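Chain by chain, the residues:
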Amino acid sequence: MSVEVTGIGGFLLLALAVWAIISIVNSRASTGRKVLWCLLVLLFPLVGFLIWLIFGPRARR
C-alpha cells in the first residue's frame, strides 16, 4: 500500500513541477530569472514548487 501512495505522490509532484516550469517559461520574467526559478523547482521539487507558488513570476503580469 505505501508503495502505491508513494508512486501517486511522486506522480503528483512531477505533474506540479511540470506545470510550474511551463508557467515559468510562459511568464514575462527575464531569462535569468526563468532559469533560476526552473532550477529551484527542479532541484527542490516540493519546497521549490511552494516557493514558486507564493513568490514566482506569473504568466499574465
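Anything mentioned here points back to the structure above.
What comes next is a walk through the structure. The residue count restarts for each chain, going from 1 along the sequence in the order it is written. Local features are withheld for residues below a pLDDT of 70 in this predicted model, meaning they are given only at 70 or higher, and side-chain atom pairs are given and counted only at 80 or more; totals for whole chains, interfaces and linings count all residues. Each side-chain value is derived from all of the structure's non-hydrogen atoms; neither hydrogens nor water enter the calculation.

### Focus: the overall build of the chain
Every helix listed is a DSSP run of H or I at least four residues long, and every strand listed is a run of E at least two residues long, numbered separately from the N terminus. Across its full length, the chain carries three helices and zero strands. Tracing the chain from N to C terminus, the helices and strands come up as α-α-α. Only protein chains enter the calculation, and the probe is 1.4 Å; a residue is then buried if its accessible area is under 20% of its type maximum, exposed if over 50%, and partly exposed in between. Within the chain, buried positions represent 23% of all 61 residues. Whether two residues are in contact is decided by their heavy atoms, any of which lying within 4.5 Å being enough. A separation threshold of at least 6 residues defines the contact pool for the chain, and within that pool the share at least 24 residues apart is 48%.

### A word on the packing of aromatic side chains
Note on aromatic pairs: the rings of Phe, Tyr and Trp (six-membered ring only in Trp) are paired at centre separations within 6.5 Å, and the planes decide the class, stacked below 30 degrees, edge-to-face beyond 60, tilted for the rest. Going through the model one piece at a time under the given rule, you end up with three aromatic pairs. Measuring from centroid to centroid gives 5.4 Å for Trp19 and Trp52, while their planes differ by 90°, and the two rings are edge-to-face. Of the two residues, Trp19 is situated in helix α1 (residues 2-25) and Trp52 in helix α3 (residues 45-55); the sequence distance between them amounts to 33 residues. Measuring from centroid to centroid gives 5.8 Å for Phe49 and Trp52, while their planes differ by 40°, and the two rings are tilted. Here Phe49 and its partner Trp52 are both found in helix α3, three residues apart, which amounts to about one turn of the helix. The pair formed by Phe49 and Trp52 is uniform in burial state, with each residue classed as buried. In textbook terms, an aromatic cluster arises when at least three aromatic residues are bridged by ring pairs, as seen for Trp19, Phe49 and Trp52.

### Some points on the environment of Phe44
Along the chain, the position of Phe44 falls in the loop between α2 (31-43) and α3. Distance in space between the C-alpha atoms of Phe44 and Ala17 is 9.8 Å, their sequence separation being 27 residues.

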